[in-house]
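Examining the three-dimensional arrangement
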Amino acid sequence: MDNTFAKEVIEGLSARKKYLSSKYFYDDQGSRIFQEIMKMPEYYLTDSEFEILSLQAAKIMEAVNFKEPFNIVELGAGDGFKTFKLLEYLMANKIDFYYVPIDISEEAIHLLTDKLTKKLPGLSIHPRVGDYFDILRRENVQTSIPSLLLFLGSNIGNYSREGAVDLLQLFHENMKAQDALLLGVDIKKNPVTIHKAYYDSYGITRRFNINLLLRINREFDGDFKVDDFDFYCHYNPVTGEVRSYLVSLRKQLVYLRKLDKTFEFGYNELIYTELSKKYDLQEIEALASDGGFKVGTHFLDCKHYFSDSLLIK
Ligand code: AVI
């Protein structure tokens, strides 16, 4: 049994305002549901970033201005769908580089490596499975050649402002002087567009959240009755925060046998599950600066929905 997960579940469900961390969404089942989310037309983030990396790969690499060879180190590579366009551009132009995808999911890294070796024969790929902080600190990634770190997909949005600064500082500490970071950030926009991306009419994001209760049932032999919980989320256009919740539809007790713990839920009591934070360009610059970086260029899609911002040490 994973002790950190157990500890955090007990802590979160015993708190006066209950919470569970969205980092636990991504077991194999949750990762599959997230793939479904990324395919929804309403979840514009994927298409926007795909457009940026498809149409502006040359401009991005020009701005990075690395001497060859160099590394492309992707933190949390997942299925590598968006990055493919960048890699394709580099291969087509016979640029000398190593691709180092890092992901916590072994399944995701295997699938990605398989797909890329077939689609981009000759690609020099050095996949790593594990926590990207641990791996970043290891010498293999920190070779003498420059590295472009990719932290895409608005993953930074799942951290609070303070958490995001800490994370950027940690990246900064583990980067060499000549390295750069390409940070994918979801931009504040019409609140209705954002609301629809998270409160989707197909109920996929609802399933994504409910899966966390099913995961707890699976791993801790729990008796969460998922029909007694619903999903709610709310976008606050002033703070740029989408906050997601599970809602207990009745007063109920839930027992987790492996932890020998019972938790009580009130009628309509909330469990806060996820923050998905949006920024404007000025806020990205302030965030980058607090993390120790300067912003080189913001690469935006044509609708200005998303930015891949190039952060320089
Ligand atoms: C992974 N992360 C950037 C997604 C997001 O948009 O916050 C996770 C997600 N949650 C609901 N839909 C997608």
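Note that the structure is a prediction, hence the values are computed from the model and not measured. (Residues numbered from 1 in each chain as written. Predicted model: local features only at pLDDT ≥ 70, side-chain atom pairs only at ≥ 80, totals over all residues. Heavy atoms only, no water.)

What follows is about the pairing of strand β5 (residues 180-186). Taking burial as the measure, the seven residues of β5 include seven buried ones, the bulk of the element. The side-chain alternation of β5 yields two buried faces, one formed by Ala180, Leu182, Gly184 and Asp186 and the other by Leu181, Leu183 and Val185. Taken together, the four bridges between strand β4 (residues 147-151) and β5 define a ladder with parallel strand orientation. Bridged to leucine 149 within β5 is leucine 181. Regarding the hand of the β-α-β motif, the stretch spanning β4, helix α8 (residues 161-173) and β5 is right-handed. (Buried < 20%, exposed > 50% of the residue type's maximum accessible area, 1.4 Å probe, protein only. Helix = DSSP H or I, 4+ residues; strand = E, 2+ residues; numbered from the N terminus. Pairing = 2+ DSSP bridges. Right-handed = clockwise from strand over helix to strand, strands pointing away.)

This paragraph deals with the domain arrangement of the chain. Parsing the chain into structural domains produces domain 1 (3-26 + 192-277) and domain 2 (44-190 + 280-312). The centre of domain 1, based on its C-alpha atoms, is set 29 Å off from the matching centre of domain 2. At the interface, 14 residues of domain 1 touch 14 residues of domain 2. Each partner contributes to the roughly 1,000 Å² buried at the junction of domain 1 and domain 2, and carbon and sulfur atoms together form 50% of this total. (Domains from an automatic or database assignment. Contact = heavy atoms within 4.5 Å. Buried area = accessible area lost by both parts, 1.4 Å probe.)

Here we come to the packing of α8 against helix α11 (residues 281-290). The N-to-C vectors of α8 and α11 enclose an angle of 50°; their axes lie 8 Å apart at closest approach. As summarised for this structure, α8 and α11 are arranged oblique, according to the angle between their axes. Remark: the crossing between α8 and α11 carries right-handed chirality. In this structure, α8 contributes Arg161, Ala164, Val165, Leu168 and Gln169 to the contact, and α11 contributes Ala286, Leu287, Ala288 and Asp290. (Axes fitted to C-alpha atoms, helices over the stretch in contact; angles between N-to-C directions. Parallel < 35°, antiparallel > 145°, perpendicular 65-115°, else oblique. Left-handed = near helix turned anticlockwise from the far one by under 90°.)

This next bit is on the sheet that holds strand β10 (residues 270-277). Across the sheet, three strands lie side by side as β6-β7-β10; this open sheet has antiparallel pairing. The outermost strands of the open sheet, each flanked by one partner alone, are β6 (229-236) and β10. Neighbouring strand axes in the sheet, compared pairwise and without regard to direction, differ in orientation by 20° on average. Relative to β10, strand β7 (residues 241-248) runs antiparallel, the two being bridged by seven bridges. The partner of valine 242 across the bridge, within β10, is serine 276.

Further remarks concern the site of the ligand. Surveying the vicinity of the ligand reveals 13 residues, the closest of which are Tyr43, Asn158, Tyr198, Glu274 and Ser276. One of the side-chain N or O atoms of asparagine 158 is found 2.9 Å from an oxygen atom in the ligand. In the model, a nitrogen atom of the ligand is placed 2.7 Å from a nitrogen or oxygen of the glutamate 274 side chain. When the ligand is considered free in solution it has 340 Å² of accessible area, and contact with the protein chains removes 98% of it. For the shell around the ligand, the secondary structure elements donating two or more residues are α2 (28-39), α10 (204-220) and β10. Among the residues making up the shell around the ligand, the classes are represented as six nonpolar, six polar and one charged. (Near = heavy atom within 4 Å. Polar contact = N/O pair within 3.5 Å; in protein donor to acceptor, adjacent residues only side chain to side chain. Areas by Shrake-Rupley, 256 points an atom, 1.4 Å probe, with all protein chains shown as cover. Nonpolar A, V, L, I, M, F, W, Y, C, P; charged D, E, K, R; others polar.)

We now examine the confidence of the model for the chain. Taken as a whole, the chain shows an average pLDDT of 94; of its residues, 97% reach a score of 70 or greater. Confidence estimates for the predicted assembly give a pTM of 0.95 and an ipTM of 0.99. (pLDDT = per-residue confidence, 0-100.)

With the rule as written, the count across this model stands at 17 salt bridges. A salt bridge links aspartate 290 to arginine 161; its shortest N-O distance comes to 2.9 Å. Note that aspartate 290 is positioned in helix α11 and arginine 161 in helix α8, a separation of 129 residues in sequence. Here glutamate 283 ties to lysine 188 by a salt bridge, and the two come within 3.0 Å at their closest N and O atoms. Separated by 95 residues along the polypeptide, glutamate 283 in helix α11 and lysine 188 in the loop between β5 and α9 (191-198) bring together distant segments of the chain. Shared partners join several salt bridges into a network, and the residues in it are Asp186, Lys189 and Lys278. (Salt bridge = Lys/Arg side-chain N within 4 Å of Asp/Glu carboxyl O.)

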